[in-house]
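A look at the structure
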Amino acid sequence: MENKNTGNISEKKKAEERIKQLRKSINYYRYAYHVLDKSLISDAALDSLKKELFDLEIKYPELITPDSPTQRVGGEPLKEFKKVRHETPMISFDDAFSEQDVLDWLERLNNYLGRNVLEDKNLIKDDVFYCELKIDGLAMEFVYNDGVFVQGSTRGDGLIGENVTQNIKTIEAVPLKLLDKEEVEKNFKILKLEKFNHLLKNWPIPHLVVRGEVYMGKKEFERINKEQQKKGEKAFANPRNMAAGSIRQLNPKVTAGRKLDSFQYDIINDLGQTTHEEEHLLLKAFG
């Protein structure tokens, strides 16, 4: 006959296994949607998985971890944002408004390098430049320690930004945890990144700094402005203004209700990457 304590331990063990399974499934569906652009499950079905996980964690709060999908919205509203110093400066880009602006930039580049990059025989012509998407959002820095998201900050003046970690956590496109070693290894093979297999020896990377944009899609912008008008409140002028206002909300629940998006494109660490394209592929491999 099983005593009560043994039964409780058995029940908790089952809950722990189910929690691990749910987290893995939810993270996989998030990765498929935001990284692979594949919708593998309906919103209703995904919500039911999240609800089951939430209920189990309420029952066993000692099993909650900082990287759990349930921890995207949490914490009390802040009184103010704390300042954080960037490890390396977050510089801004120059604008080019004409073909001549681009040619002038290319001339400055050639003068700086002391060679003509378009005539460099060591480069394949298609590999000279990498065209990046122009996203009208806010530059953001994301820090991961031992594979877990620990800090998100704005660019600020380039040297010191504001800690908006609570609000960044509400953005589904930002992973709270990097993919497991086995998944990353599989992605390295698919993306032909075997030269980076050395990273797997000490996975997850102890300290990883990633940069990108936080922005608001046009459909979400239109949805919120319609709600503003129904309430008789002032509409936002453009998606960037709304994104900026949303990321600087002291209450993360307000930010969560606005469904911001994110696109990461830069790795600050030296992982052995030699091209910008490799950084994109590595980010995809990491999740």
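Rules used throughout
Residues numbered from 1 in each chain as written. Predicted model: local features only at pLDDT ≥ 70, side-chain atom pairs only at ≥ 80, totals over all residues. Heavy atoms only, no water. Helix = DSSP H or I, 4+ residues; strand = E, 2+ residues; numbered from the N terminus. Buried < 20%, exposed > 50% of the residue type's maximum accessible area, 1.4 Å probe, protein only. Contact = heavy atoms within 4.5 Å. Areas by Shrake-Rupley, 256 points an atom, 1.4 Å probe, with all protein chains shown as cover. Lys, Arg positive; Asp, Glu negative; His and termini not counted. Charge placed at Lys NZ, Arg CZ, Asp CG, Glu CD. Pairing = 2+ DSSP bridges. Axes fitted to C-alpha atoms, helices over the stretch in contact; angles between N-to-C directions. Arc of directions from axis to C-beta. Polar contact = N/O pair within 3.5 Å; in protein donor to acceptor, adjacent residues only side chain to side chain. Core = buried A, V, L, I, M, F, W, Y, C linked by side-chain atoms within 4.5 Å. Phe/Tyr/Trp six-rings, centres within 6.5 Å; stacked < 30°, edge-to-face > 60°.

What the protein contains, in helices and strands, is nine helices and six strands. Taken over the C-alpha atoms alone, the protein extends approximately 85 × 55 × 35 Å along its principal axes. Within the protein, the proportion of its 287 residues that are buried is 36%. Of the contacts made within the protein by residues no fewer than 6 positions apart, 70% connect residues no fewer than 24 positions apart. Total accessible area on the protein stands at roughly 18300 Å², and carbon and sulfur atoms take up 52% of it. Of the charged side chains in the protein, 46 are positive and 48 negative, and the gap between their average positions amounts to 6 Å.

An order of β3-β2-β5-β6 is seen for the four strands of this open sheet, with the pairing classed as antiparallel. Here the strands that pair on one side only, and so sit at the sheet edges, are β3 (148-154) and β6 (261-267). The mean angle between the axes of side-by-side strands here comes to 30°, regardless of whether they run parallel or antiparallel. Note that strand β5 (residues 207-215) and β6 share six bridges and pair antiparallel. Pairing of Gly212 across the sheet is with Gln264, part of β6. On top of the sheet, helix α7 (residues 239-247) reaches β2 (138-145) and β5; it is set at about 40° to β2, its chief contact.

Moving on, we get to α7. Among the residues of α7, Met242, Ala243, Ser246 and Ile247 are the ones counted as buried. Within α7, the buried residues cover an arc of 125° as seen down the axis, which keeps them to one side. Among the structural elements, β2, α4 (165-168), β5, α6 (218-230) and α8 (252-256) are those in contact with the buried residues of α7. The N-cap residue of α7 is Asn238: its side-chain oxygen and the backbone nitrogen of Arg240 are 3.2 Å apart.

On to the nonpolar core, then. Core analysis: the biggest nonpolar cluster contains 39 residues, and Phe142, Ile168, Phe188, Leu208, Ile247 and Phe286 have the highest contact counts within it. The residues contacting Ile247, other than those within four sequence positions of it, are Phe81, Leu138, Met140, Val164, Asn167, Ile168, Ile171, Val214 and Leu260. Core analysis: the second largest hydrophobic core is formed by ten residues, Ile19, Leu22, Leu46 and Leu56 among them.

With that settled, the discussion passes to the packing of aromatic side chains. The description of an aromatic ring pair uses the distance of the two centres, along with the angle that the planes make with each other. Overall, the coordinates contain five aromatic pairs when judged by the stated rule. Here Tyr144 and Phe149 contribute two aromatic rings whose centre-to-centre distance is 5.6 Å and whose plane-to-plane angle is 55°, an arrangement assigned as tilted. Neither residue differs from the other here; Tyr144 and Phe149 are each classed as buried. Ring centres of Trp203 and Phe286 lie 5.2 Å apart, and the angle between their planes is 45°; this geometry places the pair in the tilted category. Remark: Phe286 occurs in helix α9 (residues 276-286) and Trp203 occurs in the loop between α5 (181-190) and β5; sequence separation between them is 83 residues. Of the two residues, Trp203 and Phe286, neither departs from the other in class, the shared state being buried. Members of the aromatic cluster, connected to one another through ring pairs, are Phe188, Trp203 and Phe286.

On to unusual backbone geometry. In this model, Trp203 is joined to Pro204 through a cis peptide bond whose omega is 0°. Look at Lys192: it is not a glycine, yet its phi comes out positive at around 60°. Checked against the element boundaries, Lys192 lands in the loop between α5 and β5.

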